[in-house]
Amino acid sequence: MSTKIAYGIFDDDDVVMHAIPKLQEKKFKVVDVISPFPIHGLDHALGLKRTRISMAAFMYGITGTSLALLMMWYMNIWDWPMDIGGKPSFALYKNLPAFIPVTFESTVLCAAHGMVITFYLRSKLLPGVEPHVIDVRATDDRFVMAIEVKTDADKDAAHAAMKALGAMYVK
Amino acid sequence: MNYTFNQKNKTIAFVLIAIGLVSIAASFLTHNHQAWSNLLHNTFYFMAISLAGTFFLAVQYAAEVGWSVVLKRILEAMGTFLPFAAILMLVVFFGNLMAGHNGGHYIYHWLHHDLYDPASAEYDKIIAGKSGYLNLPFFVIRMLAYFAIWIGFTRLFRKLSLKEDIEGGSANYLKARKYSATFLVLFAVTSSTSAWDFIMSIDTHWYSTLFGWYTFAGMFISGIAVMNFILVYLVKKGNMPFITEHHLHDAGKFMFAFSIFWTYLWFAQFMLIWYANIPEEVTYFMIRFEHYRPLFIANFLINFIAPFLVLMTRDAKRKLNLLMTISVVLFIGHWIDVFLMVTPGVVKEHWHIGWMEIGTTLGFLGLFMYVIQASLAKAPLLREKHPLLQESLHHSI
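Residues numbered from 1 in each chain as written. Chains lettered and ligands numbered in written order. Predicted model: local features only at pLDDT ≥ 70, side-chain atom pairs only at ≥ 80, totals over all residues.

So what's going on with the overall build of chain B? Which residues, and what values?
Each helix and strand in chain B was counted, giving 14 helices and 0 strands. Mapped in sequence order, the helices and strands of chain B form the string α-α-α-α-α-α-α-α-α-α-α-α-α-α. Structurally, chain B occupies a C-alpha span of about 70 × 40 × 40 Å along its principal axes. Relative to its 397 residues, chain B shows a buried fraction of 44%. (Helix = DSSP H or I, 4+ residues; strand = E, 2+ residues; numbered from the N terminus. Buried ≥ 20, exposed ≤ 12 C-beta atoms within 10 Å, placed from the backbone.)

What follows is the structure, given as structure tokens:
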């Protein structure tokens, strides 16, 4: 069965922070808060797991390093040996200093683009996908709280609880 | 929250100083040709660490940093070694000047008089061309000016900080902020020129426009490593209960980031010289790569790969033992780095690292430990009346 999400829209981050423990006491599962700016202690209050994007970034970085070295080894050592700076040593490890800037740039390029693309994929923000906007002002001065519920009755209860704790409106 | 300099630590410091004195005496008595370069190497290294403490303190003031208030007493204590480093540096310079026949034979080649005499067979046109800057009176004036500026500002910061403990308020903090901005400007110039004077002038013919920055980067990261070591030591002893893992994380980040910064400058200097392959520049790396290869490679591995891989994750920066280990590794790594800057120019390929070299360093370390702990014990470890104290105590990342 599919889970449903009850949304409550707030206009103050303090109200949100105070509402979270009270909702959790009543066994509501607060899964996320969408906020226009980072709120200190929010991750801890929600019990969110740490993002794994840093691990992904490391993997993308390693990929970039390897691709750059492979490319330069093929181009300048294997396929068309290059005399680098008057030092015709024709081996990757001997010409490595000349290859480091490109390797570095490639590492940064792959890590940065990899992270952004991963983030978009995980957030379901592919080109052509209709974005799921709960409140257009969630990027400006509104805070959206999301509670996971199972049935419509639970959803109504969550709505009522959020309203009681200061939500401007619910949906 | 006060640090007490107990008898055990005093004994350790004295034993290390004794080992150092024996090693220094032994290296002179056995005509160890590396004796002078060992002295310069260690004096410069510990001076750099101490100076990095004052520099980092000034950065905290000038940028109005909140989180680092809890670390400021450690940085102040590191700066108090500067007068000792100054005396040692003067002793090394003038001792070397008097000991060498024909003036400064051992460390500074440019002190020879004959180099500037066109009639002499020793006449060196390149060095003679540098004599407008590189002459004895101007060198001594510069050296004294560096120490006057560095020690003067260090004492000023310390004085304002101790005054703040009594008076409270933000007047002393604002004054320190103003003075630190002045200090940073002066430091930007003196850190570069002092690197040229103390170290780059050993290889008199050679020059690198990046040398000042490269030396500064090494100075900064070794200072941060020592700061981290003292921090972890004090936390483990229970002297700093106010330090949270958030402070450790930020201190660890500095160690991570500036290891990479040092590598960047090390490589930028190396690669341009390697690539251009101009004889007068490349000699510097030729001798280091031909005759010092194990150290040359260890320098890179220890100072880049080790902190880069170990400190990359978030959790690593929050673990006391790991931070302490990496700070010791970096301390050794940058000892090697300064060794590679100083020694090849003085003794060419006839180098060795034996008990005398290590003993000399232990002696300097003992003196450094003694001075730092004595000044840590003089004031409370927390600056109770710092205007940004609450921000620091509640630091959360």
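Continuing now.
Describe the overall build of chain A, and please don't skip the residues or the numbers.
Across its full length, chain A holds 5 helices and 4 strands. Computed over C-alpha atoms, the radius of gyration of chain A comes to 25 Å, more than 25% over the 16 Å expected from 2.2 N^0.38 for 171 residues, which places it beyond the range of a compact globule. The C-alpha extent of chain A, read off along each of the three principal axes, is 75 × 30 × 25 Å. Expressed as a percentage of its 171 residues, the buried residues of chain A come to 14%. A sequence separation of at least 24 residues applies to 77% of the contacts in chain A between residues at least 6 apart. (Rg over C-alpha atoms; globule rule 2.2 N^0.38 Å. Contact = placed C-beta atoms within 7 Å.)

So what's going on with helix 6 (residues 136–167) of chain B? Which residues, and what values?
Residues and elements named next belong to chain B. With 32 residues, helix 6 ought to run about 46 Å at 1.5 Å a step, and its terminal C-alpha atoms sit 46 Å apart, in line with that. Listing the buried residues of helix 6 in full gives Tyr 146, Phe 147, Trp 150, Phe 153, Thr 154, Phe 157, Arg 158, Leu 160, Ser 161 and Glu 164. Those residues of helix 6 that are buried are in contact with helix 2 (35–62), helix 3 (72–79), helix 4 (82–99) and helix 7 (171–198). The first or second residue beyond helix 6 is Gly 168, which carries a positive phi of 75°. (Expected span 1.5 Å × (residues − 1).)

Before we move on, can you summarise helix 4 (residues 96–122) of chain A with the specific residues and values?
Residues and elements named next belong to chain A. Across its 27 residues, helix 4 extends 37 Å between first and last C-alpha, which sits within 8% of the 39 Å expected from 1.5 Å per residue. At Val 102, helix 4 is bent by approximately 25°, the largest bend along its length. Buried within helix 4 we find Ser 106, Cys 110 and Ala 111. Looking at the buried side of helix 4, the elements it contacts are helix 3 (53–79). Once helix 4 ends, the next one or two residues include Lys 124, with phi positive near 55°. (Bend = angle between axes of the 7 residues up to and from the residue.)

Geometric descriptors of this kind do not, in isolation, establish any biological role.
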